[in-house]
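Working through the structure, step by step
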Amino acid sequence: MGHVPRTQVSSNPIIAFFQYVWSSLITAAKGLRVTGYNAWLRERVTVAYPKQELDLSLRTRAKHRVLVDDTGDPICIACGQCQRICPDHCILVTRKKVTVTTPEGEEKQVNRPDEFVIDLARCMYCNLCAEVCPVDCLHLTRDFKYSSGDVHTMRIELEGLLRPEPLSEYEANQTDGADDEGGEE
Ligand code: SF4
Ligand code: SF4
C-alpha cells in the first residue's frame, strides 16, 4: 500500500480504502517513471552479453596458448622460466627428454614438457610468463570465455593450451607491449 499521512486518512473506511488505492497507484507510477527513464532514455553503458559484445581493449589478456611446430608438437623446451617468474605460482612445468629428427636427418635428444599446467583461477594475467619465454612459444590470447562454476576446471593442461595457427597481430603485439587502447585485432 502507498503511504497516506495518518492525519489525512478518512475516518470513513470506504473512503480510506480508496485513498490507499490511489496512493498506491501514484507510488507505482513514480517507480515506473524511474524505470522507464533508465530503460529507454538514459545512455546505456552495458550490453546484452552474450548476444552482444563490446570491442575488447588491445591490452586484453586472457587464456594462454602454446605454439606448436609443423608436426603439432609444442615448441616449449620445458626450461621452467615461466614457472619460476610467475608471481602467483600457477604454472607447473616438468621436463622429459624426447628424440627428434633434425632437418638434416640427424636424431638428437631435446627437452620437452612432460606436464604443463596453468591454473587460470589463480592467474592475474600479468604476461610475465610470456615475456620471459626464451623460445617465444607462450602467449596470452583474448579468449576470455572459459568461466566455470567449478574452480578445478580452470586448471588447463597442455592439450588445452596448444594452438596450431600462427600468432595473430594482437598476440604478437602483446609480447612487444601494446600501448593502444580499443579496437579489434
Ligand atoms: S600471466 Fe602472470 S600470473 Fe598468469 S601464469 Fe603468467 S606469470 Fe603467472
Ligand atoms: S618459458 Fe617457454 S619454453 Fe620455458 S617452460 Fe615456459 S613455455 Fe616452455
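Refer to the structure printed above.
With 17 residues, the main nonpolar core has Cys-82, Ile-91, Cys-129 and Leu-138 as its most contacted residues. Apart from the residues lying within four places of it in its own chain, the contact partners of Cys-129 are Cys-82, Ile-85, Cys-86, Ile-91 and Leu-138.

Let's shift gears to the pairing of strand S3 (residues 107–119). Consecutive residues of a regular strand have side chains that alternate between opposite faces of the sheet. Relative to S3, strand S2 (residues 91–101) runs antiparallel, the two sharing eleven bridges. Looking at S3, one finds that Lys-97 is bridged to Asn-111. Joining the antiparallel neighbours S2 and S3 is a turn of five residues, in which Gly-105 adopts a positive phi near 90°. As paired elements, S3 and strand S5 (residues 155–157) share three bridges and run antiparallel to each other. Opposite Asp-119, over in S5, you have Arg-155 as the bridge partner.

Before going further, it helps to examine the site of ligand 2. Near ligand 2 you find 14 residues, and of these Cys-76, Cys-79, Cys-82, Cys-133 and Leu-138 are the closest. By residue class, the composition of the shell around ligand 2 is twelve nonpolar, two polar and no charged.

This part is about helix H1 (residues 13–41). The end-to-end C-alpha distance of H1 is 41 Å, a good match for the 42 Å that 29 residues give at a rise of 1.5 Å each. Among the 29 residues of H1, zero are classified as buried, and the element is accordingly described as predominantly exposed.

Let us now look at the site of ligand 1. The environment of ligand 1 is formed by 14 residues, the closest being Cys-86, Cys-123, Cys-126, Leu-128 and Cys-129. The class makeup of the residues in the shell around ligand 1 is twelve nonpolar, one polar and one charged.

Turning our attention to the sheet that holds S2. Within a beta sheet, neighbouring strands are joined by backbone hydrogen bonds and run either parallel or antiparallel to one another. What the three strands build is an open sheet, ordered S2-S3-S5; its pairing is antiparallel. Both edges of this open sheet fall to S2 and S5, since each of them pairs with a single strand only. On average, adjacent strands in this sheet sit at an angle of 20° to one another, irrespective of strand direction.

Definitions and cut-offs
Residues numbered from 1 in each chain as written. Chains lettered and ligands numbered in written order. Predicted model: local features only at pLDDT ≥ 70, side-chain atom pairs only at ≥ 80, totals over all residues. Core = buried A, V, L, I, M, F, W, Y, C linked by C-beta atoms within 7 Å. Buried ≥ 20, exposed ≤ 12 C-beta atoms within 10 Å, placed from the backbone. Contact = placed C-beta atoms within 7 Å. Pairing = 2+ DSSP bridges. Helix = DSSP H or I, 4+ residues; strand = E, 2+ residues; numbered from the N terminus. Near = placed C-beta within 6 Å. Nonpolar A, V, L, I, M, F, W, Y, C, P; charged D, E, K, R; others polar. Expected span 1.5 Å × (residues − 1). Axes fitted to C-alpha atoms, helices over the stretch in contact; angles between N-to-C directions.

None of the figures reported here should be taken as evidence of function without further support.
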